[in-house]
Amino acid sequence: MMKECKYIKEIIEKGTVEWPYRFFHQGLEMGRERCFRELEKSGLVGRGGAAFPTSKKWGSVWDTENVVLICNADEGEPGTFKDRYIMENNPAFLLESMLLSAFIVNARALYIYIRGEYTQAISLMKKEIDQADVVLDAYREKTGVKLEVEVVVGQGAYVCGDETSLINSIEGVRPNSRIKPPYPTQKGLFDAPTIVNNVETLCNLSLIIRDGGDFFSSLGVEGSRGTKLISLSGKIKNPGVYEIEMGKVSLREIIEELGGGIKGDHELKFVIPGGISTQLFVENEIDVMVDYCSLKQAGSALGSGAIIVADETVNAVEMAKNAADFFSKETCGICFPCKEGNRQIHNMLNKIYVFEGKREYLKLIREISETTSRAARCGLGQSAGNLLVSAIEKIPGDFTYYLPEIDLDRDEVKK
Amino acid sequence: MITLHINSQPIKVEAGTTILEAAKKLHYRIPTLCYKEGLSIYGGCRLCVVEVKGRSNLPIACAEEVQEGMEVFTHSDLVLETRRNIFQLLIANHPFDCQLNCLTCLKSSSCELRKLAEEIGVGQLKYEALHKPWTMDTSSRSVVIETSKCISCGRCVRTCNEIQHGGILTMSERGLATKVDTFMAKGLGNVDCTNCGQCILACPTGAIHEVYHVNQVIQAINDPDTHVVIQTAPAVRVAIGEEFGAPLGMNLEKKIVTALRKMGADKVFDTNFTADLTIIEEGTEFINRINHQGVLPIITSCSPGWIKFAEHNYPDLLPNISTCKSPQQMFGTLAKTYYAEKEKLSPDKIVSVSIMPCTAKKYELARDELKDDVDYVLTTRELAKLIRAYGLEFMNLPDGEYDQPFGISTGAAAIFGVSGGVMEAALRTGYELISGKELEELEFVDIRGLKGIKEAVVDIDGEKIRVAVANGLENAVQMLKHKEKYHFIEIMTCPGGCIGGGGQPISDVDNILEERMTGIYATDQKREIRKSHKNPAIIKLYEEFLGEPNGEKAHRLLHTHYMKR
């Protein structure tokens, strides 16, 4: 049984050649109120990782003037490549979804912030925008707003995936996260009310307008409506972007049926279900359904849908060390628990990796991670320790291998 | 009004109040580090985390506004543990365990980290000390940055940007390497820094401090071949006591005189004397500009931070700035000319030292056009260091009197130390010189106080003279937008004027500037002569040496010029 569902992917792959920008024109005809009602009915939540209800976000700027809409295409999460897939395969679909969304939130400015490494996506999007005069004219006719779509190219900071950092980056200042409140919807880009949404979220808008909110909400399960693009990678036979109906497929099914199982003659060791900020699952935990609630209940998160599969050749310590290297480069350097916590964790894991670790490190790493998750300023810091701590908990063998016994003895003598 | 509970106690506060402010009303002090009143909220240190019922993460008290029905716990177990751990993390990256850092640190007696450790309850290191490489920015003549001590709380950056309109300091690098730096890492001496030193006052860890001249001064004093003359600035005497437990704002000039004499200074003089002289020169310049359609408004030139700021940012305004040297530099010149002649000393045997509330004075003395007049500048803090180095029991010292001929000064000179003081002193003299009448009401209350921008209109013989006073460079920038409105402008670089200078003791008293200001005005009240042009020593100086105010000799010795930078 093939578990992939082809709801959004079909459009991405086949395109809408027969009638370009038809969803957008359909939205213009419906008017923004009716579009918004459909969005409310759909139960769509943000696909970037935070799963915030889109209608709630948009509703908060409904009567506001000068709204700025930013499409977040700074896909920096290791293991995620679904937005790239959309941009490279059907930039027109994204652009029309962006325009449709801009129409609904009554935006006066529209940005797309694309990860700098995505050179092909950048040039495709730019080209698409250059050719979109007719649509933009239609937009102006309907709304009276001469909308310009600006492409902003990211300079390579992971933290810019956070909406407030992204806004700072567009403003040309250091990309630190901002203190919330005020939320971007109150005071965002250059102090204007600002909506930031992920590529996939906006693309879903087109489908909601095409099929109606009720149909969209008939897909998926409570709290996780519609479908989700999954970036499947790691030690599997068929890595790639897949689409699933949320809550109807288990992690195991995704790996075995879509991914074709583990590559070569190896065993599954663990799975990271939502990018390197989420807790990993070991083999006996992966019968969990893939949707926001189920994964949360199981102690992890769906995040942006980056499922990374590891077999027994993968060393959990090495992976943890790489994750720590990553976070210590990518912390914005402003909030102390995140910066100093990652400094310590980075140091400890690097020492463990060269057999110079101490047993108490494992306790300290967990402690720092707890502190940081409670006190850090943005999502990066709050979730940076998730993967490491779950690795220590669930795959202790890998860690104790690196912690020499002689050190253990000495520690025990000390006590 | 919003009702909430803090630690189970009800409290009503205005909407928009932060948890930190509300807790303060209930007498709970929540530890803070990157927070500083008057600066924007940074939200970096996270030490002020609190628990709010119903919230899974811990919000920070400095940024989180109260909400109806909120239940806040400022010292729950979870909060305390989190705070301790954050502090542990932070302290593990601050070098305190090697090279006797704590002993030699500027903040050894006022270290905020030490106070926090006590408050938060941290007595032992938990995490491994991971120190940054030992780097120092010594490119500036006034201010040193010891990056290794920096904890990136951003207080200096915000002070520079928000109070001083500087934009000199910024966060650079990324990730763990994030640090405070100057544009393109050029170093403080190679960027548009005004040397005001407000960043020093803002820094909680002593990572920024002045360029020390203490050792050079001790050497000069100990050298039998040199003749050391020391001048003391108006704002030093009301602040030095803070270092020795004296009542706040107390004028301790007489003890400073004794202390310096006991150290072996050959002569102890008063900068106030040349402050009076500045008034005569600047007042005359102002009258001349009014009478001969000169460039107006005239802007004061006493504050070297402002001068450099103007040279960088307001080159068009340079003709407006009074050509008078600052009191420090006038003193330096007179010490090596008039005084040297009088005492039959060779000028190159004289070592001229000034004690200033200011770090920019260290830069000023080395300006090309002013070179060699003053040799060393000690800040108020360095004076305290020096007093301690000589083991003097400062508060028990007997009173001493300033040496002549630069020891007599007026109340007008004393108030140079506060924002609005130079203006007030100039008006006292200007009024009488222009109108020929005696000024009855000496206090110009409109231009007193700590407000950032102050204005007044003074009626002199039917002529309405409009004056403005600004302290803090951000305020100066705002005020200069309407500069055409005025005839006479006083600008002081530091908030409050020299009493808030970057070289002053670092205090955690909230109203410290007011205390120092009160001390300054009390000094003025007590002086017998309160107008600069009535200073008998000044009159004598003109008769014996300078000739006419703004005359050829006065101009050659007491005036200077500026350059576009």
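What counts as what
Residues numbered from 1 in each chain as written. Chains lettered and ligands numbered in written order. Predicted model: local features only at pLDDT ≥ 70, side-chain atom pairs only at ≥ 80, totals over all residues. Heavy atoms only, no water. Helix = DSSP H or I, 4+ residues; strand = E, 2+ residues; numbered from the N terminus. Buried < 20%, exposed > 50% of the residue type's maximum accessible area, 1.4 Å probe, protein only. Contact = heavy atoms within 4.5 Å. Areas by Shrake-Rupley, 256 points an atom, 1.4 Å probe, with all protein chains shown as cover. Lys, Arg positive; Asp, Glu negative; His and termini not counted. Charge placed at Lys NZ, Arg CZ, Asp CG, Glu CD. Rg over C-alpha atoms; globule rule 2.2 N^0.38 Å. Salt bridge = Lys/Arg side-chain N within 4 Å of Asp/Glu carboxyl O. Pairing = 2+ DSSP bridges. Axes fitted to C-alpha atoms, helices over the stretch in contact; angles between N-to-C directions. Buried area = accessible area lost by both parts, 1.4 Å probe. Polar contact = N/O pair within 3.5 Å; in protein donor to acceptor, adjacent residues only side chain to side chain. Nonpolar A, V, L, I, M, F, W, Y, C, P; charged D, E, K, R; others polar. Phe/Tyr/Trp six-rings, centres within 6.5 Å; stacked < 30°, edge-to-face > 60°. Right-handed = clockwise from strand over helix to strand, strands pointing away. Parallel < 35°, antiparallel > 145°, perpendicular 65-115°, else oblique. pLDDT = per-residue confidence, 0-100.

J.: Before we go on, may I ask you to explain the overall build of chain B in this structure?
T.: Scanning chain B from N- to C-terminus turns up 19 helices and 17 strands. In terms of overall dimensions, chain B has C-alpha extents of about 80 × 55 × 45 Å along its principal axes. For chain B, the proportion of its 565 residues judged to be buried stands at 62%. Taking contacts inside chain B between residues at least 6 apart in sequence as the whole, the part at least 24 apart equals 71%. Accessible surface computed for chain B: about 21,900 Å², of which carbon and sulfur atoms make up 51%. Within chain B, the 73 negative side-chain charges are centred at a point lying 2 Å from the centre of the 63 positive side-chain charges.

J.: Which parts of the structure should I look at to understand the overall build of chain A?
T.: Within chain A, the secondary structure is distributed over 20 helices and 11 strands. Here chain A has a C-alpha radius of gyration of 22 Å; the compact-globule value for 415 residues is 22 Å, and the two agree. For the C-alpha atoms alone, the extent of chain A along its principal axes is close to 80 × 50 × 35 Å. Counting only residues that meet the buried cut, chain A has 63% of its 415 residues in that class. Counting only carbon and sulfur atoms, one obtains 49% of the accessible surface of chain A, whose full area is about 16,300 Å². Seen as two clouds, the 50 positive and the 60 negative side-chain charges of chain A have centres 3 Å apart.

J.: Which parts of the structure should I look at to understand the pattern of salt bridges?
T.: Tallied over the entire structure, the rule returns 74 salt bridges over all chains. Counted as one network, the salt bridges with shared partners bring together B:Glu424, B:Arg428, B:Glu443, B:Arg448, B:Asp524 and B:Arg530.

J.: I'm lost on the sheet that holds strand β12 (residues 298-299) of chain B in this one. Help?
T.: Each strand in a sheet pairs with its neighbour through backbone hydrogen bonds, running either in the same direction (parallel) or in the opposite one (antiparallel). All names here are of chain B. Taken in spatial order, the 4 strands line up as β12-β17-β16-β15 in an open sheet, and their pairing is mixed. With one partner strand each, in any of the chains shown, β12 and β15 (453-460) form the two edges of the open sheet. Note that β15 and strand β16 (residues 463-471) share 8 bridges and pair antiparallel. By the bridge assignment, Ile 460 is partnered in β16 with Glu 463. Packed onto the sheet, helix α15 (residues 421-435) meets β15, β16 and β17 (488-492) and runs at close to 155° relative to β17.

J.: Where do I start with the side chain of B:Arg516 in this structure?
T.: Checked against the element boundaries, B:Arg516 lands in helix α17 (residues 512-526). When neighbours within four sequence positions are excluded, B:Arg516 is seen to be in contact with B:Val238, B:Ala239, B:Glu242, B:Gly249, B:Ile499, B:Gly500, B:Gln504, B:Pro505 and B:Ser507.

J.: I keep staring at the sheet that holds strand β3 (residues 51-52) of chain B and nothing clicks. Help me out?
T.: All names here are of chain B. If you walk across this open sheet you meet the 4 strands as β2-β1-β4-β3, and the pairing is mixed. This sheet does not close on itself; its edge strands, each paired only once, are β2 (9-13) and β3. Sheet topology note: the strand β1 (residues 2-6)/strand β4 (residues 71-73) ladder contains 2 bridges and is parallel. Residue His 5 lies in a different strand from β4, and its bridge partner there is Glu 71.

J.: Looking at this structure, I do not really get the pairing of strand β8 (residues 179-182) of chain B. What am I missing?
T.: Every regular strand shows the same layout, with side chains that alternate between the two sheet faces. Residue and element names in this part refer to chain B. Relative to β8, strand β7 (residues 169-172) runs antiparallel, the two being bridged by 4 bridges. Its bridge partner being in β8, Thr 170 is matched across the sheet by Asp 181. What sits between the antiparallel neighbours β7 and β8 is a turn of 6 residues, in which Glu 173 has the positive phi angle 60°.

J.: Any chance you could explain helix α18 (residues 386-394) of chain A here in plain terms?
T.: Each full turn of the α-helix corresponds to 3.6 residues, which orients residues three or four apart in the same direction. All names here are of chain A. Of all 9 residues in α18, 7 are buried; the element is thus mostly enclosed. For α18, the set of buried residues is Asn 386, Leu 387, Leu 388, Val 389, Ser 390, Ala 391 and Ile 392. Buried residues along α18 sit against β9 (268-272), α14 (316-330), α15 (336-353), α16 (360-375), α17 (379-383) and α19 (396-402).

J.: Would you mind going over the interface of chain B and chain A with me for this structure?
T.: A common way to state how big an interface is: give the accessible area lost once the parts meet. Counting residues at the interface gives 35 residues for chain B and 35 residues for chain A. If you sort the residues of chain B by the area they bury against chain A, B:Leu89, B:Arg174 and B:Leu176 come out on top, with a joint share of 23%. Across the chain B-chain A interface, the total number found is 3 salt bridges. Between B:Lys126 and A:Glu367 there is a salt bridge; the shortest N-O distance is 2.6 Å. At the junction of chain B with chain A, the criterion picks out 24 residue pairs in polar contact (both at pLDDT 80 or more). A per-element tally of the side of chain B that touches chain A places helix α2 (residues 77-91) of chain B first, with 7 residues. Its residues assigned to classes, the side of chain B that touches chain A comprises 18 nonpolar, 10 polar and 7 charged.

J.: Help me understand the packing of aromatic side chains in this model?
T.: What characterises a pair of aromatic rings is the spacing of the ring centres plus the angle enclosed by the ring planes. Residue and element names in this part refer to chain B. On inspection of all chains with the given rule, the structure shows 24 aromatic pairs over all chains. Here the aromatic rings of Phe 269 and Phe 331 are separated by 5.7 Å at their centres, their planes lie at 55°, and the arrangement is tilted. Separated by 62 residues along the polypeptide, Phe 269 in strand β11 (residues 267-270) and Phe 331 in helix α11 (residues 327-343) bring together distant segments of the chain. With a relative accessible area of 0%, Phe 269 lands in the buried category. We classify Phe 331 as buried; its relative accessible area is 0%. Seen from their ring centres, Tyr 338 and Phe 406 are 6.0 Å apart, and the 45° between their planes marks the pair as tilted. Of the two residues, Tyr 338 is situated in helix α11 and Phe 406 in the loop between α13 (380-389) and α14 (411-414); the sequence distance between them amounts to 68 residues. Note on Tyr 338: relative accessible area 6%, which makes it buried. Look at Phe 406 and you get buried, because its relative accessible area is 0%. Each member of the aromatic cluster is reached from another via a ring pair, and the members are Phe 269, Phe 273, Phe 331, Tyr 338, Tyr 339, Phe 406 and Phe 545.

J.: Help me understand the environment of A:Thr80, please; the structure alone is not making it clear to me.
T.: All names here are of chain A. Its location among the elements puts Thr 80 in the loop between β1 (67-73) and α5 (82-89). For Thr 80 and Val 149, which are 69 residues apart along the polypeptide, the C-alpha to C-alpha distance reads 25 Å. Setting aside its immediate chain neighbours within four residues, Thr 80 contacts Glu 75, Tyr 118, Ser 231, Ser 304 and Ala 306. Separated by 3.2 Å, the side chains of Thr 80 and Ser 304 make a polar contact.

J.: Would you mind going over the pairing of β16(B) with me for this structure?
T.: Residues and elements named next belong to chain B. Remark: 2 residues form the turn of the hairpin made by β15 and β16, two consecutive strands paired antiparallel; Asp 461 in that turn has positive phi of roughly 55°. One ladder, built from 5 bridges, connects β16 with β17; its direction is parallel. By the bridge assignment, Ala 470 is partnered in β17 with Ile 491. Tracing the backbone out of β16, into helix α16 (residues 473-480) and back to the parallel element β17 gives a crossover that is right-handed.

J.: Would you explain the packing of helix α3 (residues 32-42) of chain A against helix α6 (residues 91-105) of chain A in this entry?
T.: When two helices pack together, their arrangement is captured by the angle between the axes and the distance separating the axes. Residue and element names in this part refer to chain A. Where α3 contacts α6, the two axes come as close as 8 Å, and the packing angle between them is 110°. Between α3 and α6, the crossing angle belongs to the class labelled roughly perpendicular. For the pair α3 and α6, the contacting residues are Arg 32, Cys 35 and Phe 36 in the first and Phe 103, Ile 104 and Val 105 in the second.

J.: Hey, could you run me through the confidence of the model for chain B in this one?
T.: Residues shown with low pLDDT carry predicted positions that ought not to be read at fine detail. Taken as a whole, chain B shows an average pLDDT of 94; of its residues, 99% reach a score of 70 or greater. Averaged pLDDT values over the elements of chain B bottom out at 76 in helix α3 (residues 101-104) of chain B and peak at 98 in strand β14 (residues 376-379) of chain B.

J.: Whenever I open this one, unusual backbone geometry confuses me. Can you help?
T.: Negative phi characterises most residues that are not glycine, and trans characterises most peptide bonds. Following A:Pro181, the chain continues into A:Pro182 via a peptide bond in cis, with omega recorded as 0°. With respect to the element layout, A:Pro182 can be found in the loop between α9 (163-171) and β4 (194-198). Of the consecutive residues B:Leu296 and B:Pro297, the connecting peptide bond is found in the cis state with omega at -5°. Residue position: B:Pro297 is located in the loop between α9 (271-291) and β12. Residues other than glycine seldom take positive phi values, yet B:Arg46 does so here, at roughly 60°. Position of B:Arg46 relative to the elements: it lies in the loop between α1 (19-25) and β3. Phi at B:Glu173 is positive, roughly 60°, even though this residue is not glycine. Relative to the assigned elements, B:Glu173 resides in the loop between β7 and β8.

J.: Explain the environment of B:Ala360 to me, please; I cannot follow it from the model alone.
T.: Residue and element names in this part refer to chain B. Along the polypeptide, Ala 360 turns up in helix α12 (residues 360-364). The class of Ala 360 is buried, set by a relative accessible area of 2%. Taking the C-alpha atoms as reference, Ala 360 lies 8.4 Å from Arg 141; in sequence the two are 219 residues apart. Residues contacting Ala 360, with those up to four places away along its chain left out, are Ser 142, Thr 194, Asn 195, Pro 304 and Gly 305.

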